[in-house]
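Chain by chain, the residues run as shown.
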Amino acid sequence: MNNKCTIQVFVDGAWRDAAVISLAGSERLGWRAPTYTTYLADYALDHLGRHDAAACGVRFPVSLEIDEQDTWPAWLVDVLPQGYGRRELLRQLDLPVTAEAVGDWPLLRAGGGNPIGNLRIKEAWAWLSERPAGPARGFRFEDVAGRHEEFVEHLAAHGLFVAGSSGVQGEWPKILLTEADDGLLYLDHTLPDERARRHWLVKFHRGTDRDLQAILRAEADYMTLARGLGLRVPGSLETHGRTLFIPRFDRRLEGGGVQRIAQESLASLCGRAGFGVAIRHEDACRALAEVVSEPLTEITEYLKRDVANLALGNKDNHARNTALARHHDGHIALTPVFDFAPMFLHPDGIARQSRWQADNGGQPDWQRVTDAVVAATGLPAGPLRRALMEMGASVRALPRRMTSLGMDPDLVEGLRPGTKNLAAQLERLHG
């Protein structure tokens, strides 16, 4: 059994061997196996004390100390493929496609080579790079959206499938593509940085379920609605056919190359290594306030996002659907909103996982919520409440804005009563 792997970090414009993680128990325990993690001496001396983009995790600043834990470090689970990507890669590795953790370690060592953010597993990058797939090849947007046969075959040759990519998590089939200087789309890991022009996360429709198709169809409009509510959003999403092209915010063109921005889930920030993690919003606010560069700005953004989730029925609010961006200049903030869609339509009946203490069955008492946030963070109540009060008018206008975007009338009418009630609650805030 190979019980070690090397973590690489993209810092100062290059990939560096940064840390080594070792299993202290059986790999069959998956992410529940105890671990030892240590930064390599040369890397530690170059970046000592940093907890921004140079660190593996904001709670694991660069040092010469050994980090001993009863499970995998929570930041490492962010790199582990989930959803469709997990199932497809397990098949390639001849491992059982199961929800059990038995395949986690080999999956990490094969599937952690090109994830979101600025971390990768050195052994997984080698596995991905050694796939005998021939030269890099570009495809038109319509070829990707239509799952053209040559595109699908090209993916398969690289060990990837339209049913998933080893670099992304989640339920919908997704893959990471980069738009090059010739206007064509390439597998992200096959294109040299100097040729990159835009980076995309491509999300494909799944099967024939009408509700799932409706969720994906609404996601681009939902991001427009989020912008209207004053939330931090990425660039404009594009729909080609039934395929969604989402601009990535963990990549930035800079100085003729590509800057990779560290991404870390709320679950990792709060030290929770598992999946489907439910974290009290008050605890999340406390943790955020401890590490972000501008606590009042970020906690206000966090509050407004929960208002938006409630107003528009985005119930899939687990702790891996919110993340931090850790920049190379030391700035730490929430990333733009992602995975923002009408998940209340999901046929499996998704329930909100992260809630306020004063949740009241999904209708929080916002006066008590802001009191709790002030108690948890020490922030002043006035600016928080004013931000929510001012949001009330935008929430009230949501049905009209949805109609102007040409969204499904049944979806609009289904959300209308809730938006009216929520707007009234926000406008009644005081003090």
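This text gives an overview of the structure that appears in the document. Please read these numbers as outputs of a predicted model, since none were measured by experiment. Just so you know, the residues in each chain are numbered from 1, in the order the chain's sequence is written. For a predicted model such as this one, the threshold for reporting local features is a pLDDT of at least 70, and the threshold for listing and counting side-chain atom pairs is 80 or more; totals across whole chains, interfaces and linings nevertheless cover every residue. Based on all heavy atoms of the structure, the side-chain values leave hydrogens and waters out of the count.

## Overview of the pattern of salt bridges
Phase 1 of the analysis: The salt bridge criterion pairs a side-chain nitrogen of Lys or Arg with a carboxyl oxygen of Asp or Glu, the two atoms within 4 Å. For the coordinates displayed, the defined rule picks out 27 salt bridges.
Phase 2 of the analysis: One salt bridge connects Arg195 with Asp182, and the closest N-O pair in it is separated by 3.2 Å. In this pair, Arg195 sits in the loop between strand S7 (185-187) and strand S8 (196-203) while Asp182 sits in the loop between strand S6 (174-180) and S7, placing the two residues 13 residues apart along the sequence.
Phase 3 of the analysis: Between Glu238 and Arg198 there is a salt bridge, with the nearest N and O atoms lying 3.5 Å from each other. The numbering of helices and of strands both runs from the N terminus, where a helix is a DSSP run of H or I of at least 4 residues and a strand a run of E of at least 2.

## Some thoughts on the side chain of Asp250
Phase 1 of the analysis: Along the chain, the position of Asp250 falls in the loop between strand S10 (243-247) and strand S11 (251-254).
Phase 2 of the analysis: Using a relative accessible area of 2% as the deciding quantity, one classes Asp250 as buried.
Phase 3 of the analysis: Between N or O atoms, a polar contact is any pair within 3.5 Å; within protein, one atom must be a potential hydrogen donor and the other a potential acceptor, and residues adjacent in sequence are included only when both atoms are from side chains. Within polar-contact distance, the side chain of Asp250 engages the side chain of Arg251 at 2.9 Å.
Phase 4 of the analysis: Setting aside chain neighbours within four positions, we find Asp250 in contact with Ile116, Gly117, Gln259, Arg260, Ile261 and Gln263. For each residue, the accessible area found with a 1.4 Å probe, counting protein chains only, is set against the maximum for its type, and the residue is called buried under 20%, exposed over 50%, and partly exposed in between. Note on contacts: a residue pair qualifies if any of its non-hydrogen atoms lie within 4.5 Å across the two residues.

## A closer look at a nonpolar patch on the surface
Phase 1 of the analysis: Surface patches are drawn from residues lacking salt bridges whose relative accessible area is over 30%; two like charges belong together within 9 Å, two nonpolar side chains (Val, Leu, Ile, Met, Phe, Trp, Tyr) within 5 Å. Throughout, the Shrake-Rupley method with a 1.4 Å probe supplies accessible areas, and for residues the shown protein chains are the sole cover considered. Together, Leu45, Leu48 and Leu64 make up an exposed nonpolar region whose accessible area comes to about 320 Å².
Phase 2 of the analysis: Along the chain, Leu45 turns up in helix H1 (residues 41-47).
Phase 3 of the analysis: In this structure Leu45 comes out as exposed when scored by relative accessible area, which is 56%.

## A short note on the packing of helix H12 (residues 366-377) against helix H13 (residues 381-396)
Phase 1 of the analysis: Between H12 and H13, the shortest axis-to-axis distance is 10 Å and the interhelical angle comes to 145°. Judged by the sense of rotation from one axis to the other, the crossing of H12 with H13 is right-handed. On H13, the residues that touch Trp366, Gln367, Thr370, Asp371, Val373 and Val374 of H12 are Ala381, Leu384, Arg385 and Leu388.
Phase 2 of the analysis: Residues belonging to the contact of H12 with H13 are distributed by class as follows: six nonpolar, two polar and two charged. Note on method: axes are straight lines fitted to C-alpha atoms, helices fitted across the in-contact stretch only, with angles between N-to-C directions ranging 0 to 180 degrees. Left-handed is the label given to a crossing in which the near helix is rotated counterclockwise from the far helix by less than a right angle, and right-handed is the label when the rotation is clockwise. Gly counts as polar in this scheme, as do all residues outside two lists: the nonpolar Ala, Val, Leu, Ile, Met, Phe, Trp, Tyr, Cys and Pro, and the charged Asp, Glu, Lys and Arg.

## Let's talk about the pairing of S11
Working note: regular strand, side chains alternate between the two faces of the sheet.
Phase 1 of the analysis: In this scheme, strands are said to pair when DSSP sees at least two bridges between them. Of the strand pairs in this sheet, S11 and strand S12 (residues 257-260) are connected by four bridges, and their pairing is antiparallel. Across the sheet, Glu254 pairs through a bridge with Gly257, a residue of S12.
Phase 2 of the analysis: Two successive antiparallel strands, S11 and S12, enclose a turn made up of two residues, where Gly255 displays a positive phi of approximately 60°.

## Focus on empty space enclosed by the protein
Phase 1 of the analysis: A 1.4 Å probe that fits but cannot get out identifies a cavity on a 1 Å grid over protein atoms alone, an open set with protein on both sides within 12 Å along at least five of seven lines counts as a pocket, and a residue lines either if it has an atom within 4 Å of a point. Grid points are joined across faces, edges and corners, and a volume is the space filled by probe spheres set on the points. Considering all chains together, one arrives at three cavities of 30 Å³ or more under this definition.
Phase 2 of the analysis: Estimates place the volume of the largest cavity at around 210 Å³.
Phase 3 of the analysis: For the largest cavity, the lining is made up of 17 residues, of which Arg305, Asn309, Asn317, Asn321 and Thr322 are closest to its centre.
Phase 4 of the analysis: Looking at which element gives the most residues to the lining of the largest cavity, the answer is helix H11 (residues 295-312), with five residues.

## Re the layout of surface pockets
Phase 1 of the analysis: The calculated volume of the second largest pocket comes to roughly 430 Å³.
Phase 2 of the analysis: Lining the second largest pocket are 21 residues, and of these Leu310, Ala311, Gly362, Gln363 and Gly418 sit closest to its centre.
Phase 3 of the analysis: Those elements giving two or more residues to the lining of the second largest pocket turn out to be H11 and helix H15 (409-427).
Phase 4 of the analysis: In terms of residue class, the lining of the second largest pocket is made up of eight nonpolar, 10 polar and three charged.

## Comments concerning H11
Phase 1 of the analysis: Under the 1.5 Å per step criterion, the end-to-end length of H11 is 26 Å for 18 residues, consistent within 8% with the ideal 26 Å.
Phase 2 of the analysis: The buried count for H11 comes to 14 of 18 residues, which makes it a mostly enclosed element.
Phase 3 of the analysis: At the C-terminal side of H11, Gly313 shows a positive phi close to 70°. A helix is expected to span 1.5 Å multiplied by its residue count minus one.

## Focus on the packing of H11 against H15
Phase 1 of the analysis: Where H11 meets H15, the axes come as close as 8 Å, and the angle between the chain directions of the two elements is 145°. When H11 is examined against H15, the residues Val307, Leu310, Ala311 and Leu312 are found in contact with a partner set consisting of Leu415, Thr419, Leu422 and Leu426.
Phase 2 of the analysis: Of the residues assigned to the contact of H11 with H15, the class counts are seven nonpolar, one polar and no charged.

Purely geometric stuff here, so don't read any function into it on its own.
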